[in-house]
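# Descriptive analysis of the structure
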Amino acid sequence: MKIVITGGAGFIGSHVVRLFVTKYPDYQIYNLDALTYAGNLANLTDIENAPNYTFVKGDITDAGFLTEFFAEVKPDGVIHLAAESHVDRSITDPMSFVMTNVVGTVNLLNAAKDAWKGTGGAGPPVRSAFDGKRFYHVSTDEVYGSLHNADEFFLEDTSYDPQSPYSASKAASDHFVRAYGNTYKLPVVLTNCSNNYGPNHFPEKLIPLMIHNIQQNKPLPVYGKGENVRDWLFVVDHARAIDAVFHNGNLGETYNIGGFNEWKNIDLVHLLCDIMDRKLGRETGTSAKLITYVTDRAGHDLRYAIDANKIMHELGWQPSLQFEEGLEKTVDWFLQNQEWLDNVTSGAYQGYYQEMYTNR
Ligand code: NAD
Ligand code: DAU
């Protein structure tokens, strides 16, 4: 089985690549990534020489490249994670989200459809050309919008109501994936996951940003009043869920992924401050003094909360870690990987890695 994982040099993608490369030595795993500011091959140094792993630098907005790549590799499966992923960046530069998340996804759908020679249109569905193939689209809970009542959860059939340019672009990509499943009978499956955290998280996102700033004694910027709620899942548990859905999920279906683990931002930041005080040998309460309330994110979604019962009951997936344990592991990873953090925050890594890997 040859599987193309897009965005495999990013935060979640690198954990998915690692899981598939190590768990399935008989599979050939192709990590297709453009190495944007968020892509970092240092996330994968432990498996970069594995015989069943190949890195390919490529941009999903380039349809011609994708056609050639699919013709050459002839993949059996695609796990699509490549995206622009940060909400704040989508507010300042929406078009790059349209290009990668929407146009890039449609390019990838076309490449898979053409390479797998699906037929569609009028008449009975012809699935045979797609036998054994699978196009897996990784999406987000943000497409469902913002919850305002404490007893509400996102279900797989909750109507889409995206509120940010990021979530609108992910919603559009989800619609295209389902449309290709319906129109061309492309064998698609989708998941919508809640907020991830863990090792290799890019330090523009809440948890790694706070860890970094606490360490550096810098202000901890909490948007608005810190009342917004997010539902956090350890990244390795997301990768395990992707494994379960890729292999056992029903074609055409959507599965929500989450850990029933809601936290108000301000409570989470306090918890992180306490953990960091202990790890850094600071007096309890020292880091919390760095908390600084700043102007709220424009259009800030109030609450996300995933109902993950479908994947739990149908596929037997469960999160493996309690949040406090996962957060301790995450803090330990960042403290033990200072060089990774320094390279990412200095911005020097990108040119270095591009130069090093462009001609592989
Ligand atoms: P990330 O920003 O850390 O990584 C994105 C990766 O995609 C990078 O390696 C980047 O180089 C690559 N990429 C970007 N544009 C590309 C292009 N045009 N062509 C090829 N590669 C390109 O993102 P992440 O947080 O790991 O998220 C991965 C996926 O999971 C995204 O689709 C995101 O929407 C989704 N998701 C993320 C979360 C989360 O909490 N981070 C939760 C649910 C779903
Ligand atoms: O829900 C899944 C989504 O989670 C993914 O689809 C996105 O790719 C991912 O980036 C994440 O989006 P969020 O906007 O929820 O994550 P972020 O880490 O940017 O912010 C988490 C919360 O913390 C949010 O309510 C905004 C707030 N925040 C964030 C930052 C960066 C702050 O208060 N201060 C900050 O400095």
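Predicted model, so just to flag it, every value in this text is computed and none were measured. (Residues numbered from 1 in each chain as written. Chains lettered and ligands numbered in written order. Predicted model: local features only at pLDDT ≥ 70, side-chain atom pairs only at ≥ 80, totals over all residues. Heavy atoms only, no water.)

On to the overall build of the protein chain. Tallying secondary structure elements over the protein chain gives 12 helices and 12 strands in all. In terms of overall dimensions, the protein chain is globule-like: its C-alpha atoms have a radius of gyration of 20 Å, near the 21 Å expected for 360 residues. Across the 360 residues that make up the protein chain, the buried fraction comes to 55%. In the protein chain, 82% of the contacts between residues at least 6 apart in sequence involve partners at least 24 apart. For the protein chain, the computed accessible surface area is about 15,100 Å², with 50% contributed by carbon and sulfur atoms. (Helix = DSSP H or I, 4+ residues; strand = E, 2+ residues; numbered from the N terminus. Rg over C-alpha atoms; globule rule 2.2 N^0.38 Å. Buried < 20%, exposed > 50% of the residue type's maximum accessible area, 1.4 Å probe, protein only. Contact = heavy atoms within 4.5 Å. Areas by Shrake-Rupley, 256 points an atom, 1.4 Å probe, with all protein chains shown as cover.)

Closest axis-to-axis distance for the helix α6 (residues 206–215)/helix α8 (residues 265–280) pair is 10 Å, and the angle between their directions is 40 degrees. Relative to α8, α6 is oriented oblique. As for how α6 packs across α8, the hand of that crossing is right-handed. Mapping the contact onto sequence places Leu206, Ile207, Met210, Ile211, Ile214 and Gln215 in α6 and Asn265, Leu268, Val269, Leu272, Cys273, Met276 and Leu280 in α8. Residues of the contact of α6 with α8, tallied by class, amount to 11 nonpolar, two polar and no charged. (Axes fitted to C-alpha atoms, helices over the stretch in contact; angles between N-to-C directions. Parallel < 35°, antiparallel > 145°, perpendicular 65-115°, else oblique. Left-handed = near helix turned anticlockwise from the far one by under 90°. Nonpolar A, V, L, I, M, F, W, Y, C, P; charged D, E, K, R; others polar.)

By the alternation rule, side chains of strand β4 (residues 77–80) split into Gly77 and Ile79 and Val78 and His80, which are all buried. Here strand β1 (residues 2–6) runs beside β4; their pairing, made up of four bridges, is parallel. Counterpart to Ile5 in the pairing with β4 is Ile79. (Pairing = 2+ DSSP bridges.)

Around ligand 2 lies a shell of 23 residues, among which Thr140, Asp141, Tyr166, Arg297 and His300 are the nearest. In this structure, an oxygen atom belonging to ligand 2 sits 2.8 Å away from a main-chain N or O atom of Leu206. A distance of 2.7 Å separates an oxygen atom of ligand 2 from a polar side-chain atom of His300. Burial of ligand 2 by the surrounding chains reaches 94%, relative to a free accessible area of 690 Å². Broken down by secondary-structure element, the contributors of at least two residues to the shell around ligand 2 are α6 and β8 (220–223). Considering every element that reaches the shell around ligand 2, the biggest residue donor is β8, with three residues. In terms of residue class, the shell around ligand 2 is built from nine nonpolar, eight polar and six charged. (Near = heavy atom within 4 Å. Polar contact = N/O pair within 3.5 Å; in protein donor to acceptor, adjacent residues only side chain to side chain.)

Further remarks concern the site of ligand 1. Close to ligand 1 lie 28 residues; Ile12, Asp33, Ser85, Tyr166 and Lys170 are nearest. Between ligand 1 and Asp33 there is a distance of 2.5 Å, counted from an oxygen atom to a side-chain nitrogen or oxygen. Considered on its own, ligand 1 offers 840 Å² of accessible surface; in the complex 96% of this is hidden by protein. Of all the secondary structure elements, the ones that give two or more residues to the shell around ligand 1 are α1 (11–23), β5 (134–140), α5 (165–183) and β7 (195–197). Here the shell around ligand 1 gets three residues from one element, more than from any other, and that element is β5. Grouping the amino acids of the shell around ligand 1 by side-chain chemistry returns 13 nonpolar, 12 polar and three charged.

In the structure shown here, the tally under the stated rule is 13 salt bridges. In this structure, Glu227 and Lys264 form a salt bridge, with 3.3 Å as the shortest nitrogen-oxygen distance. Linking Glu227 in the loop between β8 and β9 (229–234) with Lys264 in strand β11 (residues 262–264), this pair joins segments that are 37 residues apart in sequence. When the shortest N-O distance is used, the salt bridge between Lys279 and Glu328 registers 2.8 Å. Separated by 49 residues along the polypeptide, Lys279 in helix α8 and Glu328 in helix α10 (residues 323–336) bring together distant segments of the chain. The exposure class assigned to Lys279 is partly exposed, which follows from its relative accessible area of 30%. (Salt bridge = Lys/Arg side-chain N within 4 Å of Asp/Glu carboxyl O.)

A few words on the side chain of Asp141. Mapped onto the secondary structure, Asp141 falls in the loop between β5 and α5. Here Asp141 sits buried without a salt bridge, and the closest side chain of opposite charge, Arg230, lies 7.0 Å off (N-O distance). Other than its neighbours up to four places away in sequence, Asp141 contacts Phe154, Asn192, Cys193, Ser194, Asn195, Tyr304 and Ile306. (Lys, Arg positive; Asp, Glu negative; His and termini not counted.)

Let us look at a negative patch on the surface. Taken together, the side chains of Asp59, Asp62, Glu68 and Glu72 make up a negatively charged region of the molecular surface. Relative to the elements of secondary structure, Glu68 occurs in helix α2 (residues 63–73). Judged by its relative accessible area of 60%, Glu68 is exposed. (Patch = residues over 30% accessible without salt bridge, like charges linked within 9 Å, V, L, I, M, F, W, Y side chains within 5 Å. Charge placed at Lys NZ, Arg CZ, Asp CG, Glu CD.)

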